[in-house]
Structures are given as C-alpha cells and as structure tokens.
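Each chain, written out:
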Amino acid sequence: MTNPVSNHDMKVFSGLSNPDLSKRIARYCGVKVSQADFELYTNGESDVDIQDSVRGKNVYIVQSSGRDTNNHLMGLLLFIQACKLAGARRITAVLPLLPYARGDHKQPDKRKPIAAKMIAGMLEVSGANQVVTVDIHSPQTEGFFSIPVDCLTARFLFERWIKENIPDWQQAVVCSPDEGGTRRAGILAEKLHLPMALIHRESFNEEHIISGNVQDKQVILIDDLADTCFTLHNAVTQLVRVGGARCVFICVTHAVLSQMPQELFCRSELVKMVVTNTVNQDYSDCHESITEKLVVIDVSDVIGEAIRRNHFA
C-alpha cells in the first residue's frame, strides 16, 4: 500500500462513466471520492454541480469513454469549467479511454474531420491542465495537445497475466490483428522475447495474409480496443483457418464490446479474452460461453500511481 496523499490538497471526482474504477483509484491514493452531481436532462442537455470545495486544490476527474460517449464527454467538459470557475489550482482529466481516439487522421480522399484533434482543443479550452489516458489508439494523438499528456499502458498487466496463466508461454507468438497495431504487438513481443506475426488485409480483394509462422502455435492476439469485435473475430478465424494456429488468447485494453459475437466466444480455439476495466461493463447477463472466457484485469493501480506521482511532483 502506498503512502496516502493528503485529502487537503487532492480531490478525486468520478463522472458517470465508470464509478467503480474511480473508487478503486481514490482508494489507491488514500482518499475518498469527492461529491459532484451529474445530471442529464430530458432534452439531452448535461449539467454538473460540485458539492465539495475545490478552491486551491489539485482536482482529478475520472471520466472514461464507452457506449455513451457524447454525454460523458459533455459532462466532463462542464465539470472542468466548473472547477476552473470555482478556483481549482490544477485540473487533470483522467480519461482511461480517450473519446474519439480512432479519429486521429483524415484520409486524403475523404471529407472527414480529425475528431481527436477537436477533443484535444475542447479539453484545453474548458480549462484542463493535464490529461491522463491509457493505451491511446495512436501515439501521434499526443501531438494534438499543447498541455501535458500522460499516456499510460496496460502492457505490464498483460505481461504478468501471460506469464502466470498461459502454459509454455515461451513458445507462443504475439500477433496484431491489423497493420495499425504493429507497433503495439512488436513492443509486447520484444518484452516477452517472443516472435511476432501480423495479419494484413488486402482491401482490393479482401483476402487476409499472415506474416509470420503461427502453425501449431499458441497465439497472443493484442489490440487496444474492441468495439464490435469484428476485427478480432476475423483475426481468430484467419489464424486458425489459414495459419493453422492451435489456440488463441486475446488481450484488449478497452473493452467497449457494443457487440459480443457469440460465434467468437463459442470457438474452441479461443481460450481466454483478457480485458481491463477502463470501460465500465456488466457481464452478469452475458451467456455462460462468454463469461467463462472473459478475464477482467484492474488498472486502478496503474492510474492511481500516475496520479500520486503527479500530485507529489
């Protein structure tokens, strides 16, 4: 247990997105979650009323993204400005899952916004002094901010789980489900001293090509975010059908899981899907075939330690 920080100088608030994670983070830091009322009116507008004094305090507001992204984002922006108007010394937005993180670029042939850049501007204009996030989708997103961004990672938690729970993990292969996760998979493979594979999808004929040998191997498939699980399902199918993989373990940081395809979890080749609690989920109503293969790892210690170190400078 770390030395508790002073509740006199530090305030940890929870948004509506993930109150359980907020409580765990506050407990790690040795403080209680401060009180604030978030409201969503019937016309869709948001409001916030801070119950505890924040004047001269270091304020940390935990508000992740997930299935109700827009309302959570608006509540966060209003809370930050309310803290600024109430005389907070420093405001840190703790966003385990940064909203709109996948909108980090614009294809030359598309007329689309760069949403992640807009989010950065909105957080800064509202009054945030710092942002803390976990496993950001693309490293270049940090460049959209002119305020400090602490980009944490759950990789160490996955490394520990792999070593403790996968038999003969030294013989496994780390794989990325697409080209975008090459760097992420490469870092994990390097830390575990394992070979790496990559699934490449040719857009003109929709064929999948696997770079690397996965024949009769245990494959550790790693990604930063699972929303519909479409990419992961295709990856598992190709690894087994084309590559001849023996079994697959999936490691995902942000489990949005707006869709949970039964056919993915019913595959005998999928042993476990390991996720973190950056996104608040209730798996109690899920089918048994899903819950028995789903493992949730707590990231509150990672985020809490970052807050503690920032608070003590």
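In the block above lies the structure referred to throughout.
Calculation notes
- Residues numbered from 1 in each chain as written.
- Predicted model: local features only at pLDDT ≥ 70, side-chain atom pairs only at ≥ 80, totals over all residues.
- Heavy atoms only, no water.
- Phe/Tyr/Trp six-rings, centres within 6.5 Å; stacked < 30°, edge-to-face > 60°.
- Lys NZ or Arg CZ within 6 Å of the ring centre and 35° of its normal.
- Patch = residues over 30% accessible without salt bridge, like charges linked within 9 Å, V, L, I, M, F, W, Y side chains within 5 Å.
- Areas by Shrake-Rupley, 256 points an atom, 1.4 Å probe, with all protein chains shown as cover.
- Salt bridge = Lys/Arg side-chain N within 4 Å of Asp/Glu carboxyl O.
- Lys, Arg positive; Asp, Glu negative; His and termini not counted.
- Charge placed at Lys NZ, Arg CZ, Asp CG, Glu CD.
- Helix = DSSP H or I, 4+ residues; strand = E, 2+ residues; numbered from the N terminus.
- Buried < 20%, exposed > 50% of the residue type's maximum accessible area, 1.4 Å probe, protein only.
- Polar contact = N/O pair within 3.5 Å; in protein donor to acceptor, adjacent residues only side chain to side chain.
- Contact = heavy atoms within 4.5 Å.
- Axes fitted to C-alpha atoms, helices over the stretch in contact; angles between N-to-C directions.
- Parallel < 35°, antiparallel > 145°, perpendicular 65-115°, else oblique.
- Left-handed = near helix turned anticlockwise from the far one by under 90°.
- Nonpolar A, V, L, I, M, F, W, Y, C, P; charged D, E, K, R; others polar.

Caption draft 1: Quick look at the packing of aromatic side chains. Evaluated as defined, the whole model comprises three aromatic pairs. Here the aromatic cluster, defined as three or more aromatic residues joined through ring pairs, consists of F13, F38 and F79. The ring of F156 is capped by R155, whose NZ or CZ atom sits 4.5 Å from the centre of that ring.

Caption draft 2: View of a negative patch on the surface. Negative charge collects at one region of the surface, where D37, E39, E45, D47 and D49 lie side by side. Elements that contribute at least two residues to the negative patch include exactly β3 (36–40) and β4 (46–50). With respect to the helices and strands, D37 occurs in strand β3.

Caption draft 3: The arrangement of unusual backbone geometry in detail. In the Ramachandran plot, C229 falls in the positive-phi region, its phi being about 65° despite a non-glycine side chain. C229 gets classed as buried once you look at its relative accessible area, which sits at 4%. Its identity as a non-glycine residue notwithstanding, L257 has a phi of 50°, on the positive side. Looking at where L257 falls in the secondary structure, it is placed in the loop between β13 (247–255) and α7 (262–265).

Caption draft 4: The arrangement of the side chain of N277 in detail. If you trace the backbone, N277 turns up in the loop between β14 (270–276) and α8 (288–291). Residue N277 is classed as buried on the basis of its relative accessible area of 11%. Here V299 takes part through its backbone nitrogen, which lies 3.0 Å from a polar atom of the side chain of N277. Excluding its chain neighbours within four sequence positions, the residues that come into contact with N277 are N18, L21, R24, V296, I297, D298 and V299.

Caption draft 5: Region of interest: the packing of helix α1 (residues 19–29) against helix α9 (residues 300–312). It is the contact of α1 with α9, at a shortest axis distance of 8 Å, that shows an interaxial angle of 50°. With respect to each other, α1 and α9 are oriented oblique. Crossing angle aside, the handedness with which α1 passes α9 is right-handed. Residue-level inspection shows L21, R24, I25, Y28 and C29 of α1 in contact with α9, the latter providing S300, D301, I303, G304, E305 and I307. In terms of residue class, the contact of α1 with α9 is made up of six nonpolar, two polar and three charged.

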